[in-house]
Amino acid sequence: MKNWLSPRSTAGIALIAIALIALPFVAAMGGQAWVRIVNFAILYVFLALGLNIVVGFAGLLDLGYIAFYAVGAYTWALLASPHFGLHLPFWVILPIGAALACIAGVLLGSPTLKLRGDYLAIVTLGFGEIVRIFMNNLNAPINITNGPQGITLIDPVKMGDFSFAGKTQIFGYDLTGPQKYYFLLVALCILVIIINQRLQDSRIGRAWQAIREDEIAAKAVGINTRNVKLLAFAMGASFGGVAGGVFAAMQGFVSPESFSLLESIMILAMVVLGGMGHIPGVILGAVLLSILPEALRYGVGPIQNALFGKQLVDPESLRMLVFGLALVLVMRFKPNGLWPAPERQREMSEKQGGA
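For clarity, every value in this text was computed on a predicted model and none was experimentally measured.

Draft legend 1. Just the pattern of salt bridges, in detail. One pass over the structure, following the stated rule, counts four salt bridges. E215 is the salt-bridge partner of R116, the closest N and O atoms lying 3.4 Å from each other. With R116 in the loop between α5 (90-109) and α6 (117-137) and E215 in helix α9 (residues 215-220), the pair connects residues that are 99 residues apart, well separated along the chain. Linked by salt bridges that have partners in common, R116, E215 and K229 make up one network.

Below, the structure is given as structure tokens:
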């Protein structure tokens, strides 16, 4: 507590707070599209922190994490849209979405407790695809999800008479919908970070880390590896469910195409690239991998025009090529991630020194 109250820490927190408050207004100078990009970056931070519990803390490879995101999104869509004629408040829907995603996490974790490595990855991948296909086909004989057409006219987040959609004048300044959602997302993200930090420092977090390092040794010292693994799946899934609900409210529309395997791989790449098991590193990885592709999307075309006078390669194709090359180079020269945990850095240094 003394470290947090030191003048240096207080000044750092104040600067971060000022930067976070100013960010949506600075981004809006480039258009509301950039505010939306920042909002999605925060959503990816949610997802990456949830997956970090499973992959980073417990060491369980999960390629189907996007399924929990889909569960949360469709829960909001079904309970806050004209599809079923329900318009429940957000403080009811978000806990329901988190609970359903948590149950889905337990259902995924239960049959995979004895699987490791590639086998676990294949099973979780299949689970993610099963959920997406279910959402795509649950429109007959009873129309539950509206199939590939998706669900539209989804209610935004509302607090009483205050809606996060559309413009609102506050202190003489017009706040747009994306800017209002930004502040909501930042508040939720700070809460998620605090929960993650507390989990990491708790007995449960240390049990997860013990399983990650050596499951047999963890079982030998009395850790109930079955329950602890299930708890990792459940906790990680609940964060995905909350993120999915906010996503549905922001977009006003959900469809199965938003929950593809590529999204799961992208979230896993965020965790690995930033530094597995290290919360600041995971946040860095999520921000970079969500904003960098969009920056390349807007920058690749003008750069080609400036250098060659025309576009030689389709900006979308070149964007993914540059993005993939950057990932390869980072993993080649920073195998533990851009910002690994201090203990992992020490382990790597000791191995290199021993070699």
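Draft legend 2. Structural view of the nonpolar core. Membership of the largest hydrophobic core comes to 90 residues, with the highest contact counts inside it found for W76 and V254. In this structure V254 touches A73, Y74, A77, G150, I151, I154, F247 and A248, once residues within four positions along its chain are discounted.

Draft legend 3. Highlighting helix α13 (residues 315-333). Taking 1.5 Å of rise per residue, the 19 residues of α13 would be expected to cover 27 Å, and the 27 Å separating its terminal C-alpha atoms lies within 8% of that figure. Listed as buried for α13 are P315, R319, F323 and V330. Here the buried residues of α13 occupy an arc of 70° about the axis, which is enough to place them on one side. In α13, the exposed residues that point more than 90 degrees away from the buried face are L321, L325, V328 and R332.

Draft legend 4. Main features of the side chain of K229. One can find K229 in helix α10 (residues 225-251). Excluding anything up to four places from it in sequence, K229 contacts L60, L113, I211 and E215.

Draft legend 5. Region of the structure containing unusual backbone geometry. Note the cis peptide between A140 and P141, where omega equals 0°. Tracing the backbone shows P141 in the loop between α6 and β3 (158-159). At N146, a residue that is not glycine, the phi angle is positive and equals roughly 65°. Secondary-structure assignment places N146 in the loop between α6 and β3. A residue is classified by how much of its surface remains accessible, and N146, at 21% relative accessible area, is partly exposed. Phi is positive for L153, which is not a glycine, with a value near 55°. Residue placement: L153 occurs in the loop between α6 and β3. Judged by its relative accessible area of 63%, L153 falls in the exposed class.

Draft legend 6. Geometry of the packing of aromatic side chains. Counting across every chain of the model gives 13 aromatic pairs. A ring pair is formed by F25 and F183, whose centres lie 6.2 Å apart and whose planes are at 50°; its orientation type is tilted. One end of the pair, F25, is in helix α2 (residues 7-28); the other, F183, is in helix α7 (residues 177-201), and 158 residues separate them in sequence. With relative accessibility at 27%, the residue F25 sits in the partly exposed group. A centroid spacing of 5.6 Å and a plane angle of 35° characterise the contact between F164 and Y181, whose relative ring orientation is tilted. Pair noted here: F164 is in the loop between β4 (162-163) and β5 (168-170) and Y181 is in helix α7, with a separation of 17 residues, a long-range link.

Draft legend 7. Molecular detail of the environment of L268. Mapped onto the elements, L268 comes out in helix α11 (residues 261-274). Along the primary structure L268 and A48 are separated by 220 residues, whereas in three dimensions their C-alpha atoms are 7.2 Å apart. Setting aside chain neighbours within four positions, we find L268 in contact with L51, V55, L61 and L63.

Draft legend 8. View of helix α12 (residues 279-308). Its 30 residues give α12 an end-to-end C-alpha distance of 42 Å, which sits within 8% of 44 Å, the value for a rise of 1.5 Å per residue. Following α12 by one or two positions, G309 has its phi on the positive side, about 80°.

Draft legend 9. Seen up close, empty space enclosed by the protein. One pass over the structure, following the stated rule, counts one cavity of 30 Å³ or more. Along the walls of the largest cavity sit Q200, Q209, R212, M276, G277, A341, E343 and R344, which together make up its complete lining. Elements that contribute at least two residues to the lining of the largest cavity include exactly α8 (203-213) and α14 (342-354). Class assignment for the residues of the lining of the largest cavity results in two nonpolar, three polar and three charged.

Draft legend 10. Expanded view of a nonpolar patch on the surface. On the surface, a nonpolar cluster with roughly 770 Å² of combined accessible area is contributed by F84, L86, L88, I96, L100, I103, L107, I142 and I144. With four residues, α5 is the largest single contributor of residues to the nonpolar patch. One can find L88 in the loop between β2 (86-87) and α5.

Draft legend 11. Local environment of the environment of R198. Mapped onto the elements of the fold, R198 is located in helix α7. C-alpha separation for the pair R198 and P293, spaced 95 residues apart in sequence, amounts to 32 Å.

Draft legend 12. The arrangement of the packing of helix α4 (residues 66-79) against α6 in detail. In contact at an axis separation of 8 Å, α4 and α6 are set at 30° when each is read in the N-to-C sense. As far as their axial angle goes, α6 and α4 are roughly parallel. Residues A67, F68, A70 and Y74 of α4 lie in contact with α6, whose contacting residues are F127, G128, V131 and M135. Residue composition of the contact of α4 with α6, grouped by class: seven nonpolar, one polar and no charged.

Parameters at a glance
Residues numbered from 1 in each chain as written. Predicted model: local features only at pLDDT ≥ 70, side-chain atom pairs only at ≥ 80, totals over all residues. Heavy atoms only, no water. Salt bridge = Lys/Arg side-chain N within 4 Å of Asp/Glu carboxyl O. Helix = DSSP H or I, 4+ residues; strand = E, 2+ residues; numbered from the N terminus. Core = buried A, V, L, I, M, F, W, Y, C linked by side-chain atoms within 4.5 Å. Buried < 20%, exposed > 50% of the residue type's maximum accessible area, 1.4 Å probe, protein only. Contact = heavy atoms within 4.5 Å. Expected span 1.5 Å × (residues − 1). Arc of directions from axis to C-beta. Phe/Tyr/Trp six-rings, centres within 6.5 Å; stacked < 30°, edge-to-face > 60°. 1 Å grid on protein atoms, 1.4 Å probe; cavity = no way out; pocket = protein on both sides within 12 Å on 5 of 7 lines; lining within 4 Å. Points joined across faces, edges and corners; volume = space filled by probe spheres on them. Nonpolar A, V, L, I, M, F, W, Y, C, P; charged D, E, K, R; others polar. Patch = residues over 30% accessible without salt bridge, like charges linked within 9 Å, V, L, I, M, F, W, Y side chains within 5 Å. Areas by Shrake-Rupley, 256 points an atom, 1.4 Å probe, with all protein chains shown as cover. Axes fitted to C-alpha atoms, helices over the stretch in contact; angles between N-to-C directions. Parallel < 35°, antiparallel > 145°, perpendicular 65-115°, else oblique.

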